[in-house]
Amino acid sequence: MTTPDHSTIPPVSTQVSEAEAMNQRIRERRHKGGTKAKTVSSEGVQDYGTPPELIQAVERDFSKIAFDLAATSQNTVAPFWIEKDFRGADSLSADWLADYDYHKSNGVLWLNPPFSGVRPWMEKCRDESARGARILSLTKSSLDSNWYQEVVAPNAASWILKSRVKFVGCDTVFTQALMLTEWGTGKRGLGFWDWKRK
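Just so you know, these numbers come straight off a predicted model, no measurement behind them.

Notes on the pairing of strand E1 (residues 65-71)
Alright, step 1. Along E1, seven of the seven residues are buried, which leaves the element largely enclosed by surrounding structure.
Alright, step 2. Examined bridge by bridge, E1 and strand E3 (residues 108-111) share three bridges and lie parallel to one another. Its bridge partner lying in E3, Asp 68 is registered against Trp 110.
Alright, step 3. Note that E1 and strand E2 (residues 80-83) share three bridges and pair parallel. Paired with Asp 68 across the two strands is Trp 81, which belongs to E2.

Brief notes about helix H4 (residues 96-103)
Alright, step 1. Within H4, burial applies to Trp 96, Leu 97, Asp 99, Tyr 100 and His 103. All buried residues of H4 lie within an arc of 160 degrees about the axis, which places them on one face of the element.
Alright, step 2. Taking the backbone nitrogen of Leu 97 as reference, a side-chain oxygen 3.2 Å away marks Asp 95 as the first, capping residue of H4.

Some details on the packing of aromatic side chains
Alright, step 1. Tallied over the full model, the rule gives six aromatic pairs.
Alright, step 2. Taking 5.0 Å as the distance between ring centres and 85 degrees as the angle between the ring planes, the aromatic pair formed by Phe 62 and Trp 193 counts as edge-to-face. Separated by 131 residues along the polypeptide, Phe 62 in the loop between helix H2 (52-61) and E1 and Trp 193 in strand E7 (residues 189-193) bring together distant segments of the chain. Each member of the pair, Phe 62 together with Trp 193, is buried.

Quick look at the sheet that holds E2
The strands making up a sheet associate through backbone hydrogen bonding, with each pair oriented either parallel or antiparallel.
Alright, step 1. Read across the sheet, seven strands follow the order E2-E1-E3-E4-E6-E5-E7 without closing on themselves; strand pairing throughout is mixed. In this open sheet, the two strands that pair with only one neighbour each are E2 and E7. Recorded for the sheet is a direction-independent mean angle of 20 degrees between the axes of neighbouring strands.

What counts, and where the lines are drawn
- Residues numbered from 1 in each chain as written.
- Predicted model: local features only at pLDDT ≥ 70, side-chain atom pairs only at ≥ 80, totals over all residues.
- Heavy atoms only, no water.
- Buried < 20%, exposed > 50% of the residue type's maximum accessible area, 1.4 Å probe, protein only.
- Helix = DSSP H or I, 4+ residues; strand = E, 2+ residues; numbered from the N terminus.
- Pairing = 2+ DSSP bridges.
- Arc of directions from axis to C-beta.
- Polar contact = N/O pair within 3.5 Å; in protein donor to acceptor, adjacent residues only side chain to side chain.
- Phe/Tyr/Trp six-rings, centres within 6.5 Å; stacked < 30°, edge-to-face > 60°.
- Axes fitted to C-alpha atoms, helices over the stretch in contact; angles between N-to-C directions.

These values are about where atoms sit, not about what they do.
As C-alpha cells, then:
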C-alpha cells in the first residue's frame, strides 16, 4: 500500500502559512462569485455521506476502513457502524476502543463527524487513540481553531486534501478545505494529500 511520505511532514508552524494562503484564495474566489456549495451548518444538514471515491483513496493510501463511528445505515462507509443522532450523543458515549479491538484485523475506525461542534469529536479521537485505537477523521481544515491547535496538532498527523470534495447528497463541491487526520499512529505534523492522484 502506498501512503503519503510521513517522514517529510514539516512541523505544523511551517505549513500553516501555506494553508492560510490556500484558505485566503478560497475566500477571494467565493467573494468574486466562485463555486457555491451547500453549507453544512448547525442549522443545516449534518449527515452528508462521504463520497465513495474519497473512501477508495483513503483505503489506497492509509488503511482499510472496518468501522464507521458516526453513520446511519444510509451513509455508512463500512460494514459496521454506530448509529447516531445528529448531536452525536450515541457515538460520543460509545467505547470506540472496544470496537477497534474487535475489528482491527479488518482495518481502522472512520469518523466523518458533523462539522458544527467538532471539538467533542476531536477530544474523543484523542482520548480513544491514547487508549490504543487507530482512527482516521475527516473535518474542515480549521488550522486557526482552538480545537485544532489544542487537541489535534499535539496528538495526530493531519493531511489537507488538495482537491475539493462533493459529498453524497450535495449538488456541488464543499468549498472549504478539508483535512484527514491520523490518530493513534504516533505521528505528528501537517501535510498535503493529493487524494485524486491516479
